[in-house]
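Observations on the model geometry
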Amino acid sequence: TSFVEELLPQQVRLEKIMLGLRRSAGIAFKDMCEDLTNEEQEQLKQRVAWLIEHKFVQKNDDMLVLTPAALALENEIVLKLSL
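Okay, so let's go over this structure. Given the structure is predicted, the values throughout are model-derived calculations rather than measurements. (Residues numbered from 1 in each chain as written. Predicted model: local features only at pLDDT ≥ 70, side-chain atom pairs only at ≥ 80, totals over all residues. Heavy atoms only, no water.)

**Some details on the packing of helix α1 (residues 9-22) against helix α4 (residues 74-81)**
The test is simple: The axes used here are C-alpha line fits, helices contributing only the stretch in contact, and every angle between their N-to-C directions lies in the interval 0 to 180 degrees. By definition, any uninterrupted DSSP run of H or I lasting at least four residues is a helix, any uninterrupted run of E lasting at least two residues is a strand, and each is numbered from the N terminus. These descriptions rest on fixed angle ranges, namely under 35 degrees for roughly parallel, over 145 for roughly antiparallel, 65 to 115 for roughly perpendicular, and the rest for oblique. Should the near helix be turned counterclockwise from the far one by less than a right angle, the crossing is left-handed, whereas a clockwise turn marks it as right-handed. We call two residues contacting when some pair of their heavy atoms lies within 4.5 Å. Residues were grouped as follows: Ala, Val, Leu, Ile, Met, Phe, Trp, Tyr, Cys and Pro as nonpolar; Asp, Glu, Lys and Arg as charged; and all remaining residues, including Gly, as polar.
Where α1 meets α4, the axes come as close as 10 Å, and the angle between the chain directions of the two elements is 135 degrees. With respect to α4, the element α1 is oriented oblique. Every pair of crossing elements has a handedness; the one defined by α1 and α4 is right-handed. Contacts between α1 and α4 involve R13, L14, I17, M18, L21 and R22 from the first element and E74, N75, I77, V78 and L81 from the second. Of the residues in the contact of α1 with α4, the class split is 7 nonpolar, 1 polar and 3 charged.

**Section: the pairing of strand β2 (residues 57-60)**
Filter applied, for reference: Strand pairing is assigned whenever DSSP detects at least two bridges linking the two strands.
Here 4 bridges tie β2 to strand β3 (residues 63-66), and the two strands are oriented antiparallel to one another. In the sheet register, K59 faces β3, and the bridge partner there is L64. Hairpin connection from β2 to β3: 2 residues lie between these consecutive antiparallel strands, with D61 at a positive phi of about 60 degrees.

**Observations concerning unusual backbone geometry**
Heads up, the rule is: Three labels apply to residues, based on accessible area from a 1.4 Å probe with only protein chains included: buried if under 20% of the type maximum, exposed if over 50%, partly exposed otherwise in between.
Positioned with a positive phi, D35 is a non-glycine residue whose angle comes to about 65 degrees. Of note, D35 is situated in the loop between α2 (29-32) and α3 (38-53). Owing to a relative accessible area of 78%, D35 belongs among the exposed residues under this scheme. Phi angles above zero are rare outside glycine, and D61 is one such case at about 60 degrees. Of the residues examined, D61 reaches a relative accessible area of 76% and is grouped as exposed.

**What about the environment of S2?**
Within the secondary structure, S2 sits in the segment before α1. Put simply, S2 and Q58 are 56 residues apart on the chain and 40 Å apart in space, counted from C-alpha to C-alpha.

In structure tokens:
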């Protein structure tokens, strides 16, 4: 017996962000913006700026990486980045 789960586009984005943030290299901001409207991209930029300001993520070139202090809060950060 096999089970196939159909994910909605928002769920796919959330999974991509979650998996990307778990990588030591992080996730490219442009990859997080795929399929978002201009307004949604602006909202995401504001959320990322807040996370950077509060030292939950850092930006290395175009990659967003969790800070060591934020590792325990990964799920909350992923939810903050979901639209």
